[in-house]
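# Working through the structure, step by step
Take a look at the letters that make up each chain.
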2 protein chains.
Amino acid sequence: MDEARLPMTRDPRLTQRDVEQFHSAALEMADEARRIITPALEGRFRVDTKLDRSLVTDIDRAVERRLREMIERWFPDHGVIGEEEAPLRPESPYQWIIDPVDGTEELVHGIPTFGTMLALQHEADVVVGVIDHSALDVRVNAAIGIGAYRNGRRLQLEDMPMPLDGKAVVMTARLNFVRHVDEGPIFDTLTRTYPNHRIFRAAYAHTAVVSGAADVMVDAHNHVWDVAASQILIEEAGGVYSIVRDFSAPGGRLLTVVFGRPSIVAAVTEVFDQLDRARP
Amino acid sequence: MDEARLPMTRDPRLTQRDVEQFHSAALEMADEARRIITPALEGRFRVDTKLDRSLVTDIDRAVERRLREMIERWFPDHGVIGEEEAPLRPESPYQWIIDPVDGTEELVHGIPTFGTMLALQHEADVVVGVIDHSALDVRVNAAIGIGAYRNGRRLQLEDMPMPLDGKAVVMTARLNFVRHVDEGPIFDTLTRTYPNHRIFRAAYAHTAVVSGAADVMVDAHNHVWDVAASQILIEEAGGVYSIVRDFSAPGGRLLTVVFGRPSIVAAVTEVFDQLDRARP
């Protein structure tokens, strides 16, 4: 495996040993998140509505706080971008990107598709990604040059159609497509072009595509902590990841990303391109 | 609980004791389905494409066969309507309605939202309903006059908005809305009116609404075995169930049903009514 020993990112100072260490740390963080979430689901927890009308619980806050403590202890010079607290050390070349609970609405209502999302970005590259589903006992994790895994089993997507009634496209709800900038017509075109779509909401949508259970994910107008982990997850699984929108919005940067099997990602990004060209 | 002793259906010959017996039988059938499905998921199974392009596996067939055997043994005068085999004793006043695996695509791809759906219809009334999710360890079950339960805990929906960013509407994919009769515009109107929708596909969509995790389900152009159980489940949980379309199609009867919390069911059925009135 000589290739795996080559520098894998644009910065040759980042060695495979570093990557392995960061990957192990991310897995321990996911274990710790699960240790907080699983017992908390059994008891009572407090639910608040944030300024943007989304929900937050004690659980979200406790997980983010604990993960920040772990990063502070292990990597005191790394930065942190998390959903529930302010950015820390934004000047660091290493940024941990945390969504302690993606799908808080789902968690609150006992729908098991929520998950903890973790990514480590180094300069321009996402080098580690984890999505952990406490309630489903499902985890996908990946690190650059090391591969992508679902519950420990190596993932390798094939770029071929699945034996389904049409392509299985996973999307965010129309709510996302009209957030900040109204791109509702893109939702309408995609649902007409790919009528066998699913909208799981929350992190499970990403996991389904990363693990080959669906063909492509279209995640519209979402925050960096909702989409960062999936970049390395899908790339290490043999798929592709395309950022098709990048807005600067009042509540922070919003991205639209398309990722999955290469041929279907190309077809879906073409829908965005066509609509762009048709604009006055 | 004197009220529970009153005749609960239009046929006074159906006693509470009968209902309890049918309910217990349905729960045993769901247990048996799980005993077939759970180990089968670990191994290899055969996947075929049916004439209507939908999928069927060995597992679907084995479950339906086994449930039919149980019905034959316990209730030899009852009829059976199942997805994978021809109707049996269609003249009987009792009809067991079986979808051995609703969401075969999901089962094939390891997405845990599939489920076994069972209903017993007596004359015009659905009197027992069960949806069982082997992979999620979640079951909802109900019988007329006996209540609705999720994993043994009584369900009681409140007709109030959830603390969500808009109403949580669960729908079938656009594929369903254009099946047999093109009602795509209804999908488009619903997704614009209720942008915070989810499309889980498969039985879990029903379970989410029956157990109050979402507000309303719109199941478009589907077969009787996809929608029968949910009628008694939602009614016993305190919600309402409305059949808004009933087509006679080449592959059999197709129904569109709307069910959930009463106020939101009224609002969604009004969308259908408005579009009907606007038609030339």
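Structural data are supplied above this passage.
Now for a quick tour of the structure. On a predicted model such as this, the values are computed, not experimentally measured, just so you know. (Residues numbered from 1 in each chain as written. Chains lettered and ligands numbered in written order. Predicted model: local features only at pLDDT ≥ 70, side-chain atom pairs only at ≥ 80, totals over all residues. Heavy atoms only, no water.)

Turning our attention to the overall build of chain A. Scanning chain A from terminus to terminus reveals eight helices and 14 strands. Taking 19 Å as the expected radius of gyration for a compact globule of 280 residues, we find that chain A reaches 18 Å, a close match to that expectation. Along the longest, intermediate and shortest principal axes, the C-alpha atoms of chain A span 50 × 50 × 35 Å. By residue count, 58% of the 280 residues in chain A fall in the buried class. Nonlocal contacts in chain A, meaning residues at least 24 apart in sequence, comprise 61% of its contacts between residues at least 6 apart. Summed over all atoms, the accessible surface of chain A reaches about 11700 Å², with 50% contributed by carbon and sulfur. Across chain A, 31 positive and 44 negative side-chain charges occur, with their mean positions spaced 2 Å apart. (Helix = DSSP H or I, 4+ residues; strand = E, 2+ residues; numbered from the N terminus. Rg over C-alpha atoms; globule rule 2.2 N^0.38 Å. Buried < 20%, exposed > 50% of the residue type's maximum accessible area, 1.4 Å probe, protein only. Contact = heavy atoms within 4.5 Å. Areas by Shrake-Rupley, 256 points an atom, 1.4 Å probe, with all protein chains shown as cover. Lys, Arg positive; Asp, Glu negative; His and termini not counted. Charge placed at Lys NZ, Arg CZ, Asp CG, Glu CD.)

On to the interface of chain B and chain A, then. It is common to give the size of an interface as the accessible area that goes away when the parts come together. If you look at the interface, chain B gives 33 residues, while chain A gives 33 residues. Summed over both partners, the interface of chain B with chain A comes to about 3100 Å²; 57% of that surface belongs to carbon and sulfur atoms. On inspection of chain B and its partner chain A, the count reaches 15 residue pairs in polar contact (both at pLDDT 80 or more). Those elements that place two or more of their residues in the side of chain B that touches chain A are helix H3 (104–108), helix H4 (174–177), helix H5 (184–193), strand E11 (197–198) and helix H6 (204–210) of chain B. Ranked by residues supplied to the side of chain B that touches chain A, first place goes to H5(B) with four residues. Residue composition of the side of chain B that touches chain A, grouped by class: 16 nonpolar, seven polar and ten charged. (Buried area = accessible area lost by both parts, 1.4 Å probe. Polar contact = N/O pair within 3.5 Å; in protein donor to acceptor, adjacent residues only side chain to side chain. Nonpolar A, V, L, I, M, F, W, Y, C, P; charged D, E, K, R; others polar.)

A word on the sheet that holds strand E4 (residues 94–102) of chain A. Residue and element names in this part refer to chain A. Taken in spatial order, the seven strands make up an open sheet running E3-E4-E5-E6-E7-E8-E9, and their pairing is mixed. On the outer flanks of this sheet lie strand E3 (79–82) and strand E9 (153–154), each paired with one strand and no other. Sheet topology places strand E8 (residues 147–150) next to E9; two bridges connect them, and they run antiparallel. Considered in E9, the bridge of Arg 150 is made with Arg 153. Along the sheet face, helix H1 (residues 16–42) touches E4, strand E5 (115–122), strand E6 (125–133) and strand E7 (138–143) and points at about 25 degrees away from the line of E6. (Pairing = 2+ DSSP bridges. Axes fitted to C-alpha atoms, helices over the stretch in contact; angles between N-to-C directions.)

Residues and elements named next belong to chain B. Looking at where Ile 131 falls in the secondary structure, it is placed in strand E6 (residues 125–133). As for Ile 131 and Asp 102, which are separated by 29 residues in sequence, their C-alpha atoms are 9.4 Å apart. Setting aside its immediate chain neighbours within four residues, Ile 131 contacts Thr 116, Met 117, Val 138, Arg 139, Val 140, Ala 203, His 206, Thr 207, Ala 229, Ser 230 and Leu 233.

Attention now moves to the packing of aromatic side chains. To describe a pair of aromatic rings, one takes the distance between the centres and the angle between the planes. On inspection of all chains with the given rule, the structure shows 15 aromatic pairs over all chains. Considering the side-chain rings of A:Phe187 and B:Phe187, the 6.5 Å spacing of their centres and the 5 degrees angle between planes classify their relative orientation as stacked. Within this pair, whereas A:Phe187 is found in helix H5 (residues 184–193), its partner B:Phe187 is found in helix H5, the two belonging to separate chains. Relative to B:Phe75, the ring of B:Phe22 has its centre 5.4 Å away and its plane inclined at 70 degrees; by these criteria the two rings are edge-to-face. In this pair, B:Phe22 is assigned in helix H1 (residues 16–42) and B:Phe75 in the loop between helix H2 (58–74) and strand E3 (79–82), connecting sequence segments 53 residues apart. (Phe/Tyr/Trp six-rings, centres within 6.5 Å; stacked < 30°, edge-to-face > 60°.)

Overlay of chain B on chain A (RMSD 0.0 Å): rotation 180 degrees, translation along the axis 0.0 Å. Between the two chains, the operation in question is that of a two-fold axis. Within chain B, the C-alpha atom positioned nearest to the axis of rotation is that of B:Ile199, 2.2 Å from it. When the interface residues of chain B are mapped onto chain A, 100% of them are again interface residues, pointing to one common binding face. (Least-squares fit on C-alpha atoms with pLDDT ≥ 70 in both.)

A few words now on H1(A). With 27 residues, H1(A) extends 40 Å from end C-alpha to end C-alpha; this agrees with the ideal 39 Å at 1.5 Å per step. Buried within H1(A) we find A:Val19, A:Phe22, A:His23, A:Ala25, A:Ala26, A:Met29, A:Ala30, A:Glu32, A:Ala33, A:Arg34 and A:Ile37. (Expected span 1.5 Å × (residues − 1).)

All names here are of chain B. Taken together, the four bridges between strand E7 (residues 138–143) and strand E8 (residues 147–150) define a ladder with antiparallel strand orientation. Residue pairing for E8: Ala 142 is matched across the bridge by Ala 148. Here E7 hands over to E8 after three residues, with Gly 145 in that stretch at a positive phi of 80 degrees.

Applying the stated criterion across every chain, the model contains 50 salt bridges over all chains. Taking the shortest distance from any N to any O, the salt bridge between A:Asp137 and A:Arg34 comes out at 2.8 Å. Residue A:Asp137 is located in the loop between E6 and E7, and its partner A:Arg34 is located in helix H1; the two are separated by 103 residues in the primary sequence. Its relative accessible area of 49% is what places A:Asp137 among the partly exposed residues. Here B:Asp48 ties to B:Arg46 by a salt bridge, and the two come within 3.1 Å at their closest N and O atoms. Overall, the relative accessible area of 19% leaves B:Asp48 in the buried class. For B:Arg46, a relative accessible area of 52% gives the class exposed. (Salt bridge = Lys/Arg side-chain N within 4 Å of Asp/Glu carboxyl O.)

Moving on to H2(B). Residue and element names in this part refer to chain B. In this model, H2 (17 residues) spans 24 Å end to end at C-alpha, consistent with the 24 Å of a helix rising 1.5 Å per residue. Where H2 is concerned, the buried positions are Ile 59, Asp 60, Val 63, Glu 64, Leu 67, Arg 68, Met 70 and Ile 71. Taken end-on, H2 shows its buried residues confined to a sector of 160 degrees, consistent with a single buried face. Those residues of H2 that are buried are in contact with H1, strand E2 (55–57), E3, strand E4 (94–102), H3 and strand E5 (115–122). Regarding H2, its N-cap is Thr 57, as a side-chain oxygen of that residue lies 3.0 Å from the backbone nitrogen of Ile 59 further along. (Arc of directions from axis to C-beta.)

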